[in-house]
Amino acid sequence: MQTGIVKKWNHSSGWGFIEGDDGEDYFFNVSSVRKGQKIREGIDVKFDSFETSRGAEAENVTVF
């Protein structure tokens, strides 16, 4: 798992970006957030990442 900070979170649309500790930005959708987690900008998260045709994305996003 990787770690990072929620850089941008659009609650009404359900998407955002995580700035990973590796310096890369990862897109994520509300469906990628583990159940029961409250996401907001500036919090520390851990996540798994994968590459898509549109770039790096995060899944299994968890607040820690």
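Coordinates for the structure precede this section.
Residue indices begin from 1 for each chain and proceed along its sequence in written order. Per-residue local features are limited, in this predicted model, to residues with pLDDT of at least 70; the limit for side-chain atom pairs, both in listing and counting, is 80 or more; totals at the level of whole chains, interfaces and linings are taken over all residues. Side-chain numbers here rest on the full set of heavy atoms in the structure, without hydrogens or water.

Draft legend 1. Spatial organisation of the overall build of the protein chain. The numbering of helices and of strands both runs from the N terminus, where a helix is a DSSP run of H or I of at least 4 residues and a strand a run of E of at least 2. On a plain count of helices and strands, the protein chain comes out with 0 helices and 5 strands. Counting from the amino terminus, helix and strand elements in the protein chain follow one another as β-β-β-β-β. Here the radius of gyration uses the C-alpha set of atoms, whereas the globule reference equals 2.2 Å times the residue count to the power 0.38. Compactness check: the protein chain gives a C-alpha radius of gyration of 10 Å against a globular reference of 11 Å for 64 residues, within 12% of the reference. Taking the principal axes of the C-alpha coordinates as reference, the protein chain spans close to 25 × 20 × 20 Å. Sorting the 64 residues of the protein chain into buried and exposed places 33% on the buried side. Two residues form a contact once any of their heavy atoms are found within 4.5 Å. For the protein chain, contacts bridging at least 24 residues in sequence account for 45% of all contacts bridging at least 6. The positive count covers Lys and Arg only, the negative count covers Asp and Glu only, and His and the chain ends enter neither. Working definition for charges: the position is that of NZ of Lys, CZ of Arg, CG of Asp or CD of Glu. Averaging the coordinates of the 8 positive side-chain charges in the protein chain and doing the same for the 11 negative ones gives two points 11 Å apart. Exposed residues in this analysis have more than 50% of their type's maximum accessible area, buried residues have under 20%, and partly exposed residues fall in between, with area computed by a 1.4 Å probe over protein chains only.

Draft legend 2. Layout of the nonpolar core. Nonpolar core, defined: a set of buried Ala, Val, Leu, Ile, Met, Phe, Trp, Tyr and Cys residues in which side-chain atoms within 4.5 Å join the residues together. Among the nonpolar cores identified, the biggest contains 13 residues, and Ile-18, Phe-28, Ile-39, Val-45 and Val-61 are the most heavily contacted of them. Those elements that provide at least two residues to this core are β1 (2-10), β3 (25-29), β4 (44-52) and β5 (55-63). Looking at this core, the element that brings in the most residues is β5, giving 3 residues.

Draft legend 3. Highlighting the pattern of salt bridges. Salt-bridge detection follows one rule: a side-chain nitrogen of Lys or Arg within 4 Å of a carboxyl oxygen of Asp or Glu. Applying the stated rule across the entire model yields 2 salt bridges. Where Lys-7 meets Asp-25, a salt bridge forms, and the shortest distance between an N and an O atom there is 2.8 Å. In this pair, Lys-7 sits in strand β1 while Asp-25 sits in strand β3, placing the two residues 18 residues apart along the sequence. Classification of Asp-25 by relative accessible area gives partly exposed; the value is 33%. Among the salt bridges present, the one from Glu-57 reaches Arg-54, with a minimum N-O distance of 3.7 Å. Residue classification places Glu-57 among the buried residues on the basis of a relative accessible area of 13%.

Draft legend 4. Layout of the packing of aromatic side chains. Think of it this way: a Phe, Tyr or Trp ring, Trp meaning its six-membered ring, pairs with another when their centres are within 6.5 Å, and the plane angle makes it stacked under 30 degrees, edge-to-face over 60, tilted otherwise. If you walk through the whole model with that rule in mind, you get 4 aromatic pairs. Summarising the aromatic geometry, the rings of Trp-9 and Phe-28 are spaced 5.3 Å apart at their centres and angled 5° between planes, so their arrangement reads as stacked. Of this pair, Trp-9 sits in strand β1 while Phe-28 sits in strand β3, placing them 19 residues apart in sequence. Accessibility expressed as a relative area gives 13% for Trp-9, which makes it buried. Pairing Tyr-26 with Phe-47 gives two aromatic rings, centres 5.0 Å apart and planes at 55°, and the pair type is tilted. A residue pair is termed long-range when its members are at least 10 positions apart, and Tyr-26 in strand β3 and Phe-47 in strand β4 qualify at 21 residues. Both residues of the pair, Tyr-26 and Phe-47, count as buried. The structure contains a cluster of three or more aromatic residues connected by ring pairs, namely Trp-15, Phe-17 and Phe-27.

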